[in-house]
Amino acid sequence: MPSRNDTPESPFAALRDLKPALPYSNSAISYWHRTTRAFAHLRANETSPLPVSTKYTIIGSGLSGSLTAFELIKSGIPAEQILILEAREAVSGSSGRNAGHVRPDPCSEFSGYAIVHGSDKALEIVKHEMVVLDLVQEFVKTHNIDCEFRPKQTFDVCLTREIAESEMRNVEQYVSAGGSLDHIRYHEGNDAKERTGVHDALSAWEWPAATIHPVKLAQWLLSSSIDKGCKLFTHCPVIQITQNEDETWNMHTNRGMVSTNKVIHCTNAYAGSLLPQLSAMLLTPIKVQMHSLIPDQAFSGGNMLQASMALRYEEHRYYALTQMEKDGTIIFGVAKPSGFTFDDTSYTDELVIEGLEKFEESHDRPSHYSLSVLHTIG
Ligand SMILES: Cc1cc2nc3c(=O)[nH]c(=O)nc-3n(C[C@H](O)[C@H](O)[C@H](O)COP(=O)(O)OP(=O)(O)OC[C@H]3O[C@@H](n4cnc5c(N)ncnc54)[C@H](O)[C@@H]3O)c2cc1C
């Protein structure tokens, strides 16, 4: 995790000047969005009059908002008392723009967590990530959710000496804090190259993870709550919240006002626009660019990637790689603090070129593919 100091040389210095913003209304359509356009509630209640009041209001319809509604109903709260307000179409934020990984990460993240939270909490976070993998698997199975959940191995592939040493130190720190290596395997030299298929790999760490279609999961959660009586209003950004003397809240939207007893903020990178105390220094809108590639025979059929991976070059620079089993689409992400912005309407050519170069460089398989880009922040 990058250190969030704001010295001029820190990549996070620019955050000081970043003002909170609402979601852009003309956000780009990602691969996950493109493959789920038939969702019946995509633009739910986009022109209907708002209710005057409701007991619970959830702001945001991503995985957090949709799961919160689901869990509130499960806990016994009548679904009719729950309103979800979404600024754009359903699941238009980071939940619809990510890498599709369910991936605990003990090997590269532990020391970053420890700097911020201390070793004990860092260990709890990593353990929690592993529990989440099991819980998602169980949840999907129990409810028979069609969201392309596939357990598979994942690799952290170290491509420079610097990052290989840094990951080794990270894992040593994780182990000395009491972390278990039971589920983690280490590969070096030719073993790393053969296991990962990445010909410049110096070393690699391997552990269990999964891939998933995140929008299908969120849409399932929304449908489940809406079927029970919960209301979703899309294209309804909350622009201000004020509190009344009786401690209820007024939600001001560009389509009128709703009063509510409880507000649950599930707004992710945009939280600071309604909760100024959550400035961009705390909840940072990092621009990361994902690409979806439709491969030719080099990565199709029997040649598909069996594992997912992060190709690591530097502390803050890696490339995420997964392949969806259902249609063979490759999801390839360029992750580095390349800019802080709330703008998810367009993509950067420079990152497309960099991403494609790295993808070709990493796997020694001449290939052709058609490309589309899903620009994202979160
Ligand atoms: C490039 C990238 C790759 C990632 N890859 C992974 C991965 O592989 N695996 C993983 O587990 N995580 C990944 N993440 C993180 C993950 O996507 C997020 O943690 C998760 O989706 C957050 O869900 P959320 O519901 O909190 O936020 P979001 O999905 O961002 O939802 C917030 C919603 O709130 C709405 N909203 C905001 N403000 C308002 C307002 N004022 N009024 C009304 N609506 C509002 C937005 O429009 C949005 O729909 C990735 C993130 C990024 C950016």
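These numbers come from a predicted model, not from an experiment. (Residues numbered from 1 in each chain as written. Predicted model: local features only at pLDDT ≥ 70, side-chain atom pairs only at ≥ 80, totals over all residues. Heavy atoms only, no water.)

### Considering the packing of aromatic side chains
Tallied over the full model, the rule gives 11 aromatic pairs. Between Phe 299 and Phe 359, the ring centres sit 5.3 Å apart and the planes meet at 40°, which makes this aromatic pair tilted. You can see Phe 299 sitting in the loop between strand 11 (287–295) and strand 12 (308–314) and its partner Phe 359 sitting in helix 8 (residues 349–362), a full 60 residues away along the chain. On the basis of relative accessibility, which here comes to 1%, the residue Phe 299 falls in the buried class. Where Phe 332 meets Phe 359, the ring centres are 5.4 Å apart and the plane angle is 70°; that geometry is what we call edge-to-face. Of this pair, Phe 332 sits in strand 14 (residues 330–335) while Phe 359 sits in helix 8, and the two are 27 residues apart along the sequence. Using a relative accessible area of 1% as the deciding quantity, one classes Phe 332 as buried. Ring pairs connect the aromatic residues Phe 299, Tyr 313, Tyr 319, Phe 332 and Phe 359, which therefore count as one cluster. If you follow Arg 312 out to its NZ or CZ, it ends over the ring of Tyr 318, 4.4 Å from the centre. (Phe/Tyr/Trp six-rings, centres within 6.5 Å; stacked < 30°, edge-to-face > 60°. Helix = DSSP H or I, 4+ residues; strand = E, 2+ residues; numbered from the N terminus. Buried < 20%, exposed > 50% of the residue type's maximum accessible area, 1.4 Å probe, protein only. Lys NZ or Arg CZ within 6 Å of the ring centre and 35° of its normal.)

### Thoughts on the domain arrangement of the chain
Assigned domains of the chain: these are domain 1 (20–96 + 215–273) and domain 2 (101–212 + 284–377). One C-alpha centre belongs to domain 1, the other to domain 2; they are set 30 Å apart. Contacts between domain 1 and domain 2 engage 21 residues on the former and 23 residues on the latter. With both sides pooled, the region where domain 1 packs onto domain 2 buries about 1,900 Å², and carbon together with sulfur makes up 66% of that total. (Domains from an automatic or database assignment. Contact = heavy atoms within 4.5 Å. Buried area = accessible area lost by both parts, 1.4 Å probe.)

### What to know about the sheet that holds strand 9 (residues 249–253)
The strand order 7-2-1-10-9-8 describes an open sheet built from 6 strands, whose pairing is mixed. Each edge of the open sheet carries a strand with a single partner, namely strand 7 (231–233) and strand 8 (238–243). Shown here is a sheet whose adjacent strand axes are inclined to one another by a mean of 40°, direction ignored. Pairing analysis gives 5 bridges linking strand 8 to strand 9, with the strands arranged antiparallel. Paired with Gln 243 across the bridge in strand 9 is Trp 249. Packing against the sheet, helix 2 (residues 63–74) makes contact with strand 1 (53–59), strand 2 (82–85) and strand 10 (256–265), and its axis sits at approximately 140° to strand 1. (Pairing = 2+ DSSP bridges. Axes fitted to C-alpha atoms, helices over the stretch in contact; angles between N-to-C directions.)

### Notes on the side chain of His 33
Position of His 33 among the secondary structure elements: in helix 1 (residues 31–34). A distance of 3.0 Å separates the side chain of His 33 from the side chain of Ser 30, its partner in a polar contact. Within the structure, the side chain of His 33 is placed 2.9 Å from the backbone oxygen of Val 91, a separation counted as a polar contact. Sequence-distant contacts of His 33, that is, excluding residues within four places in its chain, are made with Ala 28, Glu 89, Val 91, Ser 92, Gly 96, Arg 97 and Val 215. (Polar contact = N/O pair within 3.5 Å; in protein donor to acceptor, adjacent residues only side chain to side chain.)

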